[in-house]
Amino acid sequence: MVLVISDMAEKYGMLPSEVLEKATTHDLMIYNNANMIKLREYKKEKGESISDTISQTELNAIWDKTKGINGS
């Protein structure tokens, strides 16, 4: 969250303390999500993986376990 506040302060020409004082949780959430969407779109344009943390195989295993497949 510190990076979000720092980034907002830089973008809007404010001190980080001003962002903390004036921005609401909703402002921070929207700003952070918008940046994540921009990053995802950038990665898609470059042909990079947009699934940085979980592979399709891992996702399928989690799904199967959740659904009770494979005796789990």
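Anything mentioned here points back to the structure above.
It should be emphasised that the depicted structure is a prediction, and the values quoted were computed from it without experimental measurement.

Thoughts on the overall build of the protein
Here is step 1: Secondary structure assignment for the protein yields four helices and zero strands.
Here is step 2: Taking 2.2 N^0.38 as the reference for a compact globule, 72 residues should give roughly 11 Å; the C-alpha atoms of the protein span a radius of gyration of 18 Å, well beyond that estimate.
Here is step 3: For the protein, the spread of C-alpha atoms along the principal axes amounts to about 55 × 30 × 15 Å.
Here is step 4: The buried share among the 72 residues of the protein stands at 11%.
Here is step 5: A total accessible area of about 6,100 Å² is found for the protein, and carbon and sulfur atoms account for 57% of it.
Here is step 6: Between the averaged position of the 9 positive side-chain charges in the protein and that of its 11 negative side-chain charges there is a distance of 6 Å.

Re helix 4 (residues 56-67)
Here is step 1: A rise of 1.5 Å per residue sets the reference length of helix 4, with its 12 residues, at 16 Å; its end C-alpha atoms lie 16 Å apart and thus fit the reference within 8%.
Here is step 2: With zero of its 12 residues buried, helix 4 lies for the most part at the surface.
Here is step 3: Just past helix 4, the residue G68 takes up positive phi, approximately 80°.

Quick word on the nonpolar core
Here is step 1: In this structure, V4, I5, M8, A9, V19, L28 and Y31 together form the largest nonpolar core, which totals seven residues.
Here is step 2: Elements with a contribution of two residues or more to this core: helix 1 (2-12) and helix 3 (25-46).
Here is step 3: A per-element tally of this core places helix 1 first, with four residues.
Here is step 4: Not counting residues up to four positions away in its chain, the partners in contact with V19 are I5, M8, A9, M14 and L28.

What to know about a nonpolar patch on the surface
Here is step 1: Judged by side-chain polarity, M36, L39 and Y42 come together as a nonpolar surface patch covering roughly 300 Å² of accessible area.
Here is step 2: With respect to the helices and strands, the residue Y42 is situated in helix 3.

Quick word on helix 3
Here is step 1: Between its terminal C-alpha atoms helix 3 stretches 32 Å, which fits the 32 Å expected from 22 residues at 1.5 Å a residue.
Here is step 2: Within helix 3, the full set of buried residues consists of L28, Y31 and K43. Angularly, the buried residues of helix 3 cover 105° about the axis, an arc narrow enough to put them on a single face. Within helix 3, the exposed residues directed more than 90 degrees away from the buried face are I37 and E45.
Here is step 3: Looking at the packing, one finds that the buried side of helix 3 touches helix 1 and helix 2 (16-22).
Here is step 4: The first or second residue beyond helix 3 is G47, which carries a positive phi of 80°.

Cut-offs and rules
- Residues numbered from 1 in each chain as written.
- Predicted model: local features only at pLDDT ≥ 70, side-chain atom pairs only at ≥ 80, totals over all residues.
- Heavy atoms only, no water.
- Helix = DSSP H or I, 4+ residues; strand = E, 2+ residues; numbered from the N terminus.
- Rg over C-alpha atoms; globule rule 2.2 N^0.38 Å.
- Buried < 20%, exposed > 50% of the residue type's maximum accessible area, 1.4 Å probe, protein only.
- Areas by Shrake-Rupley, 256 points an atom, 1.4 Å probe, with all protein chains shown as cover.
- Lys, Arg positive; Asp, Glu negative; His and termini not counted.
- Charge placed at Lys NZ, Arg CZ, Asp CG, Glu CD.
- Expected span 1.5 Å × (residues − 1).
- Core = buried A, V, L, I, M, F, W, Y, C linked by side-chain atoms within 4.5 Å.
- Contact = heavy atoms within 4.5 Å.
- Patch = residues over 30% accessible without salt bridge, like charges linked within 9 Å, V, L, I, M, F, W, Y side chains within 5 Å.
- Salt bridge = Lys/Arg side-chain N within 4 Å of Asp/Glu carboxyl O.
- Arc of directions from axis to C-beta.

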